[in-house]
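# Chain and residue survey
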Amino acid sequence: MACVECVSGSLHSGTPIGQEISLEGISAYAVGDESSKRIIVFGTDIFGWKFNNTRLLADEYASRGFRVLIPDLFDGYELPQWTLASNDPVNETPTLFQRLILRPFALFVLVPFVLRHSHSDQSSKINKVVNHLRQTYSEAKIGFIGFCWGGRYAITMNASFDASVAAHPSLVKFPADLEGISKPISFALSETDHNYNKERGDETKSILEKKGFTDFEVVVYEGVNHGWTVRGNMSDPHKKDARDRAKEQALAWFEKYLSITPV
């Protein structure tokens, strides 16, 4: 399910260093060594490919030698950023207008977004991107990390990539969406996330282990909300630390499974 935390969080400051390109007609933010044989595709949350937080995070991944791409999977549409201001957890004294008007309306605008971007539509776009990359960079290893909305596709599209990471996935059809997992996958979960919490993480472990699948990990973070890996409050030491640890979790996963030499 989608929830208020899907439209909550903080804006991060900084200037992204990448550039905008086209991938088979799909706009994308690109950063990192163009000759790298290790490529990471970002599946964004509902704030889309232009969201500053996501681009800054991609820059951090690219600094570790990866080529990082953030395709526009929403045809130029994304949730307006005023929804973040209305739900910013840093604001401990929201106005009456924020509490009674903006916050309920922020959830309301999720409805057309969900209807507009079906699972089949998103899967088709991701397939288009990965097929283009496979043809263009035949020697490269390609990974996928999905955040919130995009997290579901790190699960359902796992087999299309060499490895994937699902960060606080939402709208997952559990356990059906796990059936197609065949490549290494890492989960970064919030202990209390209504979408995919610690209990769901334990069930995930059990399901994958019963299948005899071993190339997976489930890491649960305490004291953070859904969306913390992208929209966490960077001025809160605990939340920033959890955000940074989740980033290192994903990078370690990709460094292991996108290696161009035998592991």
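An unreviewed UniProt entry annotates the chain as Protein AIM2 originating from Sparassis crispa.

Let us look at the pattern of salt bridges. A complete count under the given rule lists 18 salt bridges for this structure. One salt bridge in this structure joins Arg243 and Glu60, with 2.5 Å as the shortest N-O distance. Of the two residues, Arg243 sits in helix α9 (residues 237–257) while Glu60 sits in helix α1 (residues 52–62), which places them 183 residues apart along the sequence. For Arg64, the salt bridge identified is with Glu255, shortest N-O distance 3.3 Å. Of this pair, Arg64 sits in the loop between α1 and β4 (67–71) while Glu255 is found in helix α9, placing the two residues 191 residues apart along the sequence. Looking at Glu255, the relative accessible area reads 30%, which means it is partly exposed.

The next thing to look at is the nonpolar core. Formed by 65 residues in total, the largest nonpolar core has its most connected members in Ile40, Phe42, Tyr61, Val68, Ile145, Ile155 and Phe187. Residues within four places of Val68 in sequence aside, it is in contact with Tyr29, Ala30, Val31, Ile40, Phe42, Ala58, Tyr61 and Ala62. In terms of nonpolar packing, the next biggest core, distinct from the first, is built from 6 residues, Ala188, Tyr221, Val224 and Ala246 among them.

In a regular helix each residue adds 1.5 Å, so 21 residues correspond to 30 Å; α9 covers 30 Å between its end C-alpha atoms and thus fits that length. Of the positions making up α9, those classed as buried are Ala242, Arg243, Asp244, Ala246, Lys247, Gln249, Ala250, Leu251, Trp253, Phe254 and Tyr257. One side-chain oxygen of the residue at the start of α9 lies 3.0 Å from the amide nitrogen of His238, identifying that residue as Asp236.

What follows is about the packing of aromatic side chains. For the structure shown, the criterion picks out 10 aromatic pairs. Here Phe213 and Phe216 contribute two aromatic rings whose centre-to-centre distance is 6.4 Å and whose plane-to-plane angle is 15°, an arrangement assigned as stacked. A relative accessible area of 14% means that Phe213 is categorised as buried. When its relative accessible area of 14% is taken as the criterion, Phe216 is described as buried. Judged by centre distance (4.7 Å) and plane angle (50°), the rings of Trp253 and Tyr257 are tilted.

The first and last C-alpha atoms of helix α5 (residues 119–136) sit 26 Å apart over 18 residues, in line with the 26 Å expected at 1.5 Å per residue. Residues Gln122, Ser123, Lys125, Ile126, Val129, Val130, His132 and Leu133 constitute the buried set of α5. Buried positions along α5 lie against β1 (19–23), β2 (26–31), β3 (38–43), β4, β5 (141–147) and α6 (151–156).

How each quantity is defined
- Residues numbered from 1 in each chain as written.
- Predicted model: local features only at pLDDT ≥ 70, side-chain atom pairs only at ≥ 80, totals over all residues.
- Heavy atoms only, no water.
- Salt bridge = Lys/Arg side-chain N within 4 Å of Asp/Glu carboxyl O.
- Helix = DSSP H or I, 4+ residues; strand = E, 2+ residues; numbered from the N terminus.
- Buried < 20%, exposed > 50% of the residue type's maximum accessible area, 1.4 Å probe, protein only.
- Core = buried A, V, L, I, M, F, W, Y, C linked by side-chain atoms within 4.5 Å.
- Contact = heavy atoms within 4.5 Å.
- Expected span 1.5 Å × (residues − 1).
- Polar contact = N/O pair within 3.5 Å; in protein donor to acceptor, adjacent residues only side chain to side chain.
- Phe/Tyr/Trp six-rings, centres within 6.5 Å; stacked < 30°, edge-to-face > 60°.

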